[in-house]
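Coordinates in review
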Amino acid sequence: MRIAFVIARVGEERNVIQRLSIVLADELKKQGESVDIFPFSRKGIFSFFSCRKFRNYDCVLISNVGLQCAYFSIFKRLGLVKKLFVAISFGSDIRATRNKLINLFNRISRPAIDLLIVVNPDLIVIAKNRGYKNVQYVPSWASALR
Amino acid sequence: MNILFAGRLVDFKDPVTFVKAARLLSQNMIEPAHRFVIAGDGELLEECRKLAFGYKNISILGWVKPEKVDDLMIHADIFCQLSPYENLWASTLISAMKHKKAIICTNVGYTDTYLTHKYHAFLIPPNNHLALAEAIGFLANDNEMRRMLGENAYAFVQENLSVEKIANQIRQLLLQSLQARQGSGVDRRV
């Protein structure tokens, strides 16, 4: 399986999500998958043809339902990306139901996401309440962090 | 005894209860029996600092590098995870389990679905510094219980939370979804 893994804030030491995502990418590679990391930054939103880079992949995996997810979801919803679209939620991106920005990212992303993977069991209900249909729980692999 | 709280200093993690319990266990003592350490930053940092003011045995470090957290974890005797909402699967909780620490954890959300009281962790009610102080006192006086909790928590991580196992679950989910799409004939050219 060829996976394009979109990760925001790569290299930011304080950000646990990017560290967890890189650990997951490494482990998926060890298990025989072809994984390429696509670091996402806010500057990247002006590259209007950036979705073309997913052409050679089977699946687009996105870490966190944040700006990066909303951004590529627009391409998916416009039909410019037709790959399997999977997001991993670590909690903070879907829990805060009163945060307008989080609500916006979720509203944009939800129709595009084929599968939402959540790393806490309570997030299944939270995700379903937000309207996600295909939600699967896996435990966190934070034990692999230093 | 070294008692550790590590995590974001926000309502979701409830560091204030930790500081209140630390104060309670340190009051009227010339030589406090325990050292309390908080590692992390967030909107409650200043409130925690104010509450801990004047207590030499309560250290509030602010944000520290992951290597430092690891070091604090190694030297801790008891780790506290006190969310009033959900503790699973906080990275700090998993780290404490991996380090075989005795954990005091609030019994909220799915916590007791996975962690058994007095087997994997010592479970207490949320937002209750009296219960936390009592639990710290209990564990501080019971070496065998601390050792047993640490061993069982570590075994849980080894059995259920390995990156190999979880990455494989994610792989299977991706493969199944891909197969389902191929079966339904969705155009994947772009």
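Refer to the preceding data block for the structure.
My aim in this report is to walk through the structure given alongside it, one point at a time. Within each chain, residues carry numbers counting from 1 in the order of the written sequence. Throughout, the order in which chains and ligands are written sets their labels, letters from A for the former and numbers from 1 for the latter. Residues qualify for local features only when their pLDDT is at least 70, as the model is predicted, and side-chain atom pairs are given and counted only at 80 or more; totals for whole chains, interfaces and linings, by contrast, use all residues.

In terms of regular secondary structure, chain A is built from 5 helices and 6 strands. Reading chain A from its N terminus to its C terminus gives the helix and strand order β-α-β-β-α-β-α-α-β-α-β. Scaling as 2.2 N^0.38, a compact globule of 146 residues should have a C-alpha radius of gyration of about 15 Å, and chain A matches this with 14 Å. Any residue surrounded by 20 or more other C-beta atoms within 10 Å of its C-beta is treated as buried, while 12 or fewer makes it exposed and the intermediate range makes it partly exposed; C-beta atoms here are placed from the backbone. A burial count over chain A gives 50% of its 146 residues as buried. Every helix listed is a DSSP run of H or I at least four residues long, and every strand listed is a run of E at least two residues long, numbered separately from the N terminus. Throughout, radius of gyration means the C-alpha value; the globule benchmark is 2.2 Å times the number of residues raised to the power 0.38.

Quick look at the overall build of chain B now. For chain B, the helix and strand inventory stands at 8 helices and 6 strands. Ordered by position from the N terminus, the helices and strands of chain B form the series β-α-β-α-β-α-β-α-β-α-β-α-α-α. Taken over the C-alpha atoms alone, chain B extends approximately 75 × 35 × 30 Å along its principal axes. Counting the 190 residues in chain B, one finds 43% classified as buried.

The next subject is the interface of chain B and chain A. In this description, a residue-residue contact is defined by the distance between C-beta atoms placed from the backbone, which must lie within 7 Å. Between chain B and chain A, the contact holds 38 residues from the first and 36 residues from the second. Among the secondary structure elements, those contributing two or more residues to the side of chain B that touches chain A are α3 (66-75), α4 (91-98), α7 (143-160) and α8 (163-184) of chain B. Residue contributions to the side of chain B that touches chain A peak at 14 residues, all from α8(B).

This part takes up the packing of helix α1 (residues 15-26) of chain B against helix α6 (residues 129-140) of chain B. Residue and element names in this part refer to chain B. Lines fitted to the C-alpha atoms define the axes, with helices restricted to the stretch that makes contact. Angles between their N-to-C directions range from 0 to 180 degrees. Running from N to C, α1 and α6 point in directions that differ by 60 degrees, and their axes come no closer than 8 Å. Here α6 runs oblique to α1, going by the angle between their axes. Seen from above, α1 lies across α6 with right-handed handedness. Between α1 and α6, the contacting residues are Thr17, Phe18, Lys20, Ala21, Leu24 and Leu25 on the first element and His129, Leu132, Ala133 and Ile136 on the second. Amino acids are sorted into nonpolar (Ala, Val, Leu, Ile, Met, Phe, Trp, Tyr, Cys and Pro), charged (Asp, Glu, Lys and Arg) and polar (every other residue, Gly among them). A breakdown of the residues in the contact of α1 with α6 according to their chemical character gives 7 nonpolar, 2 polar and 1 charged. Any angle that is under 35 degrees is reported as roughly parallel, and any over 145 degrees as roughly antiparallel; angles of 65 to 115 degrees are reported as roughly perpendicular and all others as oblique. Handedness of a crossing follows from how the near helix is turned relative to the far one, being left-handed for an anticlockwise turn of less than a right angle and right-handed for a clockwise one.

All names here are of chain B. The 6 strands are arranged β3-β2-β1-β4-β5-β6 in an open sheet whose pairing can be described as parallel. Of all strands in the sheet, those with a lone pairing partner are β3 (58-62) and β6 (122-124), marking the two edges. Going across the sheet, the axis of each strand differs from the next one's by a mean of 20 degrees, ignoring polarity. Note that strand β1 (residues 2-6) and strand β2 (residues 35-39) share 5 bridges and pair parallel. At least two DSSP bridges between two strands are required for those strands to pair.

So, about helix α4 (residues 100-109) of chain A. Residues and elements named next belong to chain A. All of the buried residues along α4 are Phe105, Asn106 and Ser109. Projected down its long axis, α4 carries its buried residues within an arc of 95 degrees, all on one side. Projecting away from the buried face of α4 at angles above 90 degrees are the exposed residues Lys100 and Leu104. Contacts made by the buried residues of α4 are with α2 (67-77), β4 (84-89) and α3 (92-95). The arc in question is traced by the directions running from the helix axis to the C-beta atoms.

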